[in-house]
Amino acid sequence: MTTSSSERGVSLGMPELPAPAYPDDVRARLETDARAIVARYPDSRSALLPMLHLVQSEEGHVTRTGMQFCADMLGLTTAEVTAVATFYTMYRRRPSGDYQVGVCTNTLCAVMGGDAIFEELQEHLGVGNGETTADGKVTLEHIECNAACDFAPVVMVNWEFFDNQTPESARRMVDDLRAGRPVAPTRGAPLCTFKETARILAGFPDEREGAVEATGSAGPASLIGLKLAKGEAAPARVVHPRGEAPQDAPPHEPSPAEHLSSHDAPQDTSASDPAHPAGPTAEEGE
Amino acid sequence: MTLAPELKDTSPEKLLAPVLSAFWDEDKSWTLDVYKRHDGYEGLRKALAMSPDDVIAYVKDSGLRGRGGAGFPTGMKWQFIPQGDGKPHYLVVNADESEPGTCKDIPLLFANPHSLIEGIVIACYAIRSSHAFIYLRGEVVPVLRRLHAAVREAYEAGLLGTNILGSGLDLELTVHAGAGAYICGEETALLDSLEGRRGQPRLRPPFPAVAGLYACPTVVNNVESIASVPAIMNRGKEWFRSMGSEKSPGFTLYSLSGHVASPGQYEAPLGITLRQLLDMSGGMRPGHRLKFWTPGGSSTPMFTDEHLDVPLDYEGVGAAGSMLGTKALQCFDETTCVVRAVTRWTEFYAHESCGKCTPCREGTYWLVQLLRDIEAGKGRMSDLDKLNDIADNINGKSFCALGDGAASPIFSSLKYFREEYEQHITDRRCPFDPAASTAWADRTEVHA
């Protein structure tokens, strides 16, 4: 008996074999869904983004099997599907947790405390950006502006809003998620798993009782101007939605490696080999 | 710049004008029932009684301008659609709201999705389209749920589908969730994405009005622009023009965020000032002062406390050297390091650059390298001119507006805060404590 090179973890630069197909029953079910998606558009290729959400709802990430399925259904090559799947950040390319916890670290949320929250969660969970806890429950990542700046700092869990967070509230939230306790967002429906969320994104409405109504018409910040216009609110003071003890954060000693978004920059190239600095990161004269 | 007389009053009741947000505080505001109680779909009835060309002319006469950033007259966009060309026409609503600081369309769609749907039906009647799309960014599932529910309600009530309200108008509406790419807010990248491709901008011309979705004539409008149309049809263009200024008429959503006492949505006539908004809402957080702010998201050149009285309309902000953009008023106080803020925005642009054109792809990368060094106290004085130079090589030389947006924070921060950059370089460290900027920095109460 011999083991293949891929089983030994050695790449010989050989092309991968075609992805295995879905089991027949899964394929039949997904084909029904895929046809419903294709029917929404004048041109079948428009179904590709929702179909990638659909295959993500099956396996929790976009697998080669899923991409092959999309290619087969839409008459595309796997290269065309892969090109699209790798362009968009919401498609995961490896197995991840049931709950995706995304901390906004774009400028406004970062300044308002998003950086501190992200740091706290990394430490508390013992995982870095894009990594999943050993129990498979939580995948932590930092996210870009999620259009909720008036609720900063914002954390998204499976793309439901957790507004006005603090390091403490975020830590409690992930503890609850890992312990299986029910967790409800400040805006959005009671959490479902990442796979179930992906199915909604594929365009299949959430049929859970009360999911659409959950958390009411609008968040408090959305109503501030309206209340003022109706003479209902006195000029506001600073109001903290959840009280926590002040933070004793250490003084800021920024280094390039500490930047939360550092992984977002283009990957190192030979020209930016840290061992042989050649660009503006070179420290001549030091 | 002169202000309309009524704007001289300082009471919020006089200064604000909730239209789209008027009933967000009601129970189940997102439902058809509540929308109808607030004159919902009355604008559509009035539009259907007019000829399509008259609807286009009416919206044009109202002076409504695009609320997505560029401020292009909405009625004129509709007028560009060639009629009688035998091709399908499409309306695509840009609900990809991703510009840093921008947070108006998401609460609007969460609380009042029917205003958009009604606007879509009116617009499609005007441009003779029988299929419209809402391209919603994917990362907002609560909004997607309500859009799904609202579209279903509209179909069931005969407000979408065939022979709408007995007018003979047929319209399909598809809600399409994106998958996380800021560039898809650029209208031609959005169209490529909606066609199932990587979201990369297209060369223009041809403009979408001639060759848009599936190479057919297409109107791409922002959510708030389309959602404003029903009120204009129902209450009249004169009513709309009674607000704002001659060139920037009407009402709009201003989104106040950051170190202010009351972040949130403020719907007001165009031309209100940040000072008026802060005065009515409790100002900056206690004990702090405004340092810098953006009038319309991170892609619009930043302002300082010198600009508190700039009228927030297209002309006023333009004359002061920035752009009205999305009216995302991100306010930062004196605890905030401007180098840190600009570095983070620039990291965002580098991450979101689609890679199609060289100035943006390469330029944003090198801006990040320089800015990180400067923030870490490892920069050199010559880096500041280099920053300016690289930004100059991106601005106006990129394939789409993402590059121009990336250059804006660099130019404007160097213009107003060059000394702060220099301080990072001479002190060889960042002089700010990020803990002082957090929302809980000044919290004194202690909880168990």
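Residues numbered from 1 in each chain as written. Chains lettered and ligands numbered in written order. Predicted model: local features only at pLDDT ≥ 70, side-chain atom pairs only at ≥ 80, totals over all residues. Heavy atoms only, no water.

Identification of chain B as NADH-quinone oxidoreductase subunit F from Streptomyces cellulosae is taken from an unreviewed UniProt entry. Within the UniProt record for chain B, the comment given under Sequence similarities (unreviewed entry) is "Belongs to the complex I 51 kDa subunit family." As recorded by UniProt, the Catalytic activity (unreviewed entry) comment attached to chain B reads in full: "a quinone + NADH + 5 H(+)(in) = a quinol + NAD(+) + 4 H(+)(out)". (UniProt positions renumbered as here; feature names shortened; annotations may be inferred.)

Chain A is annotated in an unreviewed UniProt entry as NADH-quinone oxidoreductase subunit E from Streptomyces sp. R17. What UniProt records for chain A under Sequence similarities (unreviewed entry) is the sentence "Belongs to the complex I 24 kDa subunit family." UniProt lists a comment for chain A under the heading Cofactor (unreviewed entry), and it reads "[2Fe-2S] cluster".

Asks: Explanation requested: the interface of chain A and chain B in the structure shown.
Replies: Accessible area lost during the coming together of the parts is what is often quoted as the interface size. The interface of chain A with chain B comprises 108 residues on the first partner and 110 residues on the second. Interface area for chain A against chain B, summed over the two sides, is near 8700 Å², with a carbon-plus-sulfur share of 61%. Our count for the contact surface shared by chain A and chain B stands at six salt bridges. The interface formed by chain A and chain B includes 36 residue pairs in polar contact (both at pLDDT 80 or more). Looking at which element gives the most residues to the side of chain A that touches chain B, the answer is helix α5 (residues 107-125) of chain A, with nine residues. Grouping the constituent residues of the side of chain A that touches chain B by class yields 55 nonpolar, 32 polar and 21 charged. (Contact = heavy atoms within 4.5 Å. Buried area = accessible area lost by both parts, 1.4 Å probe. Salt bridge = Lys/Arg side-chain N within 4 Å of Asp/Glu carboxyl O. Polar contact = N/O pair within 3.5 Å; in protein donor to acceptor, adjacent residues only side chain to side chain. Helix = DSSP H or I, 4+ residues; strand = E, 2+ residues; numbered from the N terminus. Nonpolar A, V, L, I, M, F, W, Y, C, P; charged D, E, K, R; others polar.)

Asks: Hey, could you run me through the packing of helix α7 (residues 113-127) of chain B against helix α8 (residues 141-156) of chain B in this one?
Replies: Two quantities define a packed helix pair, namely the angle between the axes and the distance from one axis to the other. Residue and element names in this part refer to chain B. At a minimum axis distance of 9 Å, the contact between α7 and α8 shows a crossing angle of 50°. Between α7 and α8, the angle is such that the two are oblique. By crossing handedness, the relation of α7 to α8 is classed as right-handed. The residues of α8 that touch α7, namely those facing P113, H114 and I117, are R146, L147, A150, V151, E153 and A154. When grouped by side-chain class, the residues that make up the contact of α7 with α8 number six nonpolar, one polar and two charged. (Axes fitted to C-alpha atoms, helices over the stretch in contact; angles between N-to-C directions. Parallel < 35°, antiparallel > 145°, perpendicular 65-115°, else oblique. Left-handed = near helix turned anticlockwise from the far one by under 90°.)

Asks: Can you help me understand the sheet that holds strand β7 (residues 290-294) of chain B in this one?
Replies: In a beta sheet, neighbouring strands are held together by backbone hydrogen bonds and run either parallel or antiparallel to one another. All names here are of chain B. Strand order in the open sheet made by the five strands is β6-β5-β9-β7-β8, with mixed pairing throughout. In this open sheet, the two strands that pair with only one neighbour each are β6 (264-269) and β8 (303-304). The sheet contact formed by β7 and β8 spans two bridges and is antiparallel. Counted as the bridge partner of W293 is F303 from β8. (Pairing = 2+ DSSP bridges.)

Asks: Got a minute to help me understand the side chain of E99(B) in this structure?
Replies: By the secondary structure assignment, E99(B) is in the loop between β1 (90-95) and α6 (105-111). Although E99(B) is buried, it makes no salt bridge; R137(B) carries the closest opposite charge, 10 Å away. Setting aside residues up to four positions removed in sequence, E99(B) forms contacts with C145(A), Y182(B), G296(B), G297(B), S298(B), S299(B), T326(B) and Y349(B). (Buried < 20%, exposed > 50% of the residue type's maximum accessible area, 1.4 Å probe, protein only. Lys, Arg positive; Asp, Glu negative; His and termini not counted.)

Asks: Quick question: what am I supposed to make of the nonpolar core here?
Replies: In globular proteins that are soluble, nonpolar side chains generally tend to be buried together. The biggest cluster of nonpolar side chains holds 174 residues, and the ones touching the most others in it are L52(A), Y88(A), W78(B), L91(B), I120(B) and L387(B). Ranked by the residues each element gives to this core, the list is headed by α7(B), at 10 residues. Among the nonpolar cores identified, the runner-up in size contains 27 residues, and A229(A), L277(B), F303(B) and L324(B) belong to it. (Core = buried A, V, L, I, M, F, W, Y, C linked by side-chain atoms within 4.5 Å.)

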